[in-house]
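# Residue-level structure breakdown
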Amino acid sequence: MMQGNYALQAKDLNIYYGSFRAVKDIELNIHTNKITSFIGPSGCGKSTLLRAFNRMNDLIEISHMKGSIEYKGKNLYDSDVDPVEVRRRIGMVFQKPNPFPKSIYDNIAWGAKINGFRGNMDELVEESLRSAALWDEVKDKLDQSGLSLSGGQQQRLCIARTIAVKPEIILMDEPCSALDPIATLKIEELMRQLQEEYTIVIVTHNMQQAARASDYTAFLNMDSSDRAGYMVEFNETNEMFTSPQNQETEDYITGRFG
Amino acid sequence: MADQLNYPEGEALSDQIARRHTRGKIWRSSFLVALIIAILVLVSLVYNVVNQAFGLVAVENAIDPAVLVSQTGADPATVSLDELTKDDYVEMLQANISTGLGRRLERDQRFYEDRLVFDNQAAWDAACAAAEPAAGCLLPARDTDNVYQLVIERVVEQRVIETWFLRDSLLRGDEIRAEFLAENPNAEIEFRSWLTADFLTRPQSSRPELAGVRTAIFGSLWVVLVTLLFSFPVGVGAAIYLEEYASKQNIVNRIIQTNINNLAGVPSIIYGMLGLAIFVRVLGAVSSGYLFDYASIENRQNSLINSMESNFGITIIIEDGDVTSAIEGPNAAFDLSVTEAQLLVDEFTTLSWRNFDIDEVDASVIVARGLRIPVSVETDDNGTERLVPKDDSVMTAANFSLLSREMANAAKAIDNGRTVISAGLTLGLLILPIIIINAQEAVRAVPLSMRQASMGLGATQWQTIWNHVLPQALPGILTGTILAMSRAIGETAPLVVVGASTFIAFDPNGPFSKFTVMPIQIYQWTSRPQAEFRNIAAAAIIVLLILLLSLNATAVLLRNRYANK
């Protein structure tokens, strides 16, 4: 495939916490406007890998990385790249819904404001909430606190907030793990809608979710010798779940793992 | 099944559970005892203070009001002192107080619109034509009630001769009355609360009945204001740096952190020594205000000279910046009432607010700058107490001028900064570690997910701190700050070292004023020999406690207000 079809390319990526290597030798291409899911057992470094894509690992003082992640032909970790700009282009939704303790309106407007948005704020808020399939539920209470919403609504508010700054890629770190099945389904539907405009990378513990909601799947496992995560297999989701190439993958997705 | 046999069953199980419950109950009761002990201590503290702040007092008048009434020609049996006319009261004042005092009272507020009682017309006109005219030139004349109060204060001069605790007053009040009045038929016994509105609004005085805590309250508020203005921004700033920016791995940062924690436990007297060395001595020119308003010293000297003239009839002449001093006028002989001497000393204290310490004016000696001026109290024909020199050869006009020159020179000397700003900064240093530690706690309590959410949207670190971390940490920071402020208000030892004055008769009016604070005032009063000072000390303790409680209430309100959002 052509280079242009990749939103992100990880090359020879190793991530360390202090002297401990959390993720090793990752070679991975994220396809544009597709949903890529990372699956794997706990502690295998899925979230660490995900956070590397928008330099959120920089916030953890002891972490450092080797290798490169290329975005539009540029290594995100080059010294002339500002992580603030990286995070503006590559947004993130977290495991636990974390709206700001502000009004619903301000939750969305704040990100736009700090990034220098100069258009019509009301329109942006409405558009973002509509894209996150939340508008109809909150349009009458925009001035209420974001914390007054239910868990699923809060997570969609966080997605709306991320969309509002117009990123190109959205990283989702187990976005449904704190939600009930109905809310989970709503988020999955939403991801499918968002896919038209955004490239989405999602970490999940839920294999059905990966099978249902993603186009590509990467399976990561933990090396039993040095406890570092490595990528076992990366393929189209259908392929992965119907005819896995690797015995480890098959064991994991059929539940015989460990 | 083998596992189950290892656990007690049946009776053994209920015994074992009962033993566990018993152990829990024993702990629970011992915690209850601890709580009861704490409550008992608090109750006895409050009891002790209240016991002294209220109670019976025996008062005696310098002049019996009945005598005053009979002097006007009225019958004391049918007319009481408060039923007389204004003219009668003015006559009583004329008969019983010195001309100097009367003149001062008249300059404060005149007695009649159309005539002068104590002053002469020429001096009055001069006082009104001055750049700062006397207050009396602008105010309407005193009304009857006002003059009556003056008579009570200056002529009747009620004095407390004996006080009793609240407990005794309540339990055996009648007994006390009967016993005491049998021995002192002239005295009257009344129930008195030493904590009154007047007590809050009056300045210090060497007479306990007239003393108040106003200057100490103002002093405390000024000092705490300076303390907060210094330690809040510095403390919160340091906390943010340590929590948000500084690397936890860096050995220097870890040493700093450990030292801040240790500084919070350093005895406060050591901070006092530090404040004395740095703020009072090294930075004396700054903390005394010398660098900012030297010129005003001359204004103060001039106002002293004016007040000496108007109050004591003494003229001071300054030639080439030097006080040469001459005593002229009707009061050339050194003849001051106790109140007047006090006023004189107050004037000098005001003037020489930078440096001058008058130890005390009491009835036997004026001590100042190594000059001991022996005086004695004599009661003149009218029953007014006056300070008169014990020995004419010692207390000459020249000697007196020496005293005033010493005082005026002291005002010029700029060699120390025992001022509000030194005290405020010293207390600021003292509570800085507490504020830093509390603010760090509060900043650390802001969930990491907030920072991630903000950074994930493309916010810079500073935007994250300012918009999310600080607002969410604010209730905790405020709580810690106000608790630290409570500590600063109650601190005594470092301020003794830094040089809080024990006697200040004027309100501190800025960071470069001399000052006293509530705890020092209380300490000073409790160490006085007269019993009444302990009564007002108890009243001052109640004021201090109320001040502290209201600050803590503010802390709770602020915390709730921000926590609800």
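Residues numbered from 1 in each chain as written. Chains lettered and ligands numbered in written order. Predicted model: local features only at pLDDT ≥ 70, side-chain atom pairs only at ≥ 80, totals over all residues. Heavy atoms only, no water.

### Let's talk about the environment of A:Tyr105
Residues and elements named next belong to chain A. Of note, Tyr 105 is situated in helix H3 (residues 104–114). For Tyr 105, a relative accessible area of 23% translates into the label partly exposed. On a C-alpha basis, the gap between Tyr 105 and Glu 126 in space is 9.0 Å, while along the polypeptide they are 21 residues apart. Sequence-distant contacts of Tyr 105, defined by excluding residues within four places in its chain, comprise Met 121, Asp 122, Val 125 and Leu 142. At 2.4 Å, the side chain of Tyr 105 and the side chain of Asp 122 are in polar contact. (Helix = DSSP H or I, 4+ residues; strand = E, 2+ residues; numbered from the N terminus. Buried < 20%, exposed > 50% of the residue type's maximum accessible area, 1.4 Å probe, protein only. Contact = heavy atoms within 4.5 Å. Polar contact = N/O pair within 3.5 Å; in protein donor to acceptor, adjacent residues only side chain to side chain.)

### Quick look at the domain arrangement of chain B
Each domain of chain B was delimited in the assignment, giving domain 1 (10–50), domain 2 (62–157), domain 3 (214–286 + 418–564) and domain 4 (291–415). For domain 2 of chain B and domain 3 of chain B, the distance between their C-alpha centroids amounts to 48 Å. (Domains from an automatic or database assignment.)

### Considering the state of the cysteines
If you walk through the whole model with that rule in mind, you get 0 disulfides over all chains. We note that A:Cys158 lacks a disulfide partner, and the nearest cysteine sulfur, in A:Cys176, lies 12 Å from it. (Disulfide = S-S within 2.5 Å.)

### Here we look at the environment of B:Arg451
All names here are of chain B. As for its placement among the helices and strands, Arg 451 is situated in helix H21 (residues 448–456). Sequence separation between Arg 451 and Thr 464 is 13 residues, and the spatial gap between their C-alpha atoms is 6.3 Å. Discounting chain neighbours no more than four positions away, the residues touching Arg 451 are Glu 244, Val 443, Val 446, Thr 464 and Val 469. Side-chain polar atoms of Arg 451 contact the side chain of Glu 244, separated by 2.7 Å.

### Let's talk about the interface of chain B and chain A
Taken together, the contacts link 19 residues of chain B with 22 residues of chain A. Looking at the side of chain B facing chain A, the largest losses of area belong to B:Gln452, B:Met455 and B:Leu457, adding up to 34% of the total buried there. Where chain B packs against chain A, one counts 5 residue pairs in polar contact (both at pLDDT 80 or more). The set of elements that each furnish at least two residues to the side of chain B that touches chain A consists of H21 and helix H22 (461–490) of chain B. Ranked by residue count, the leading element in the side of chain B that touches chain A is H21(B), at 7 residues. Residues of the side of chain B that touches chain A, tallied by class, amount to 6 nonpolar, 12 polar and 1 charged. (Buried area = accessible area lost by both parts, 1.4 Å probe. Nonpolar A, V, L, I, M, F, W, Y, C, P; charged D, E, K, R; others polar.)

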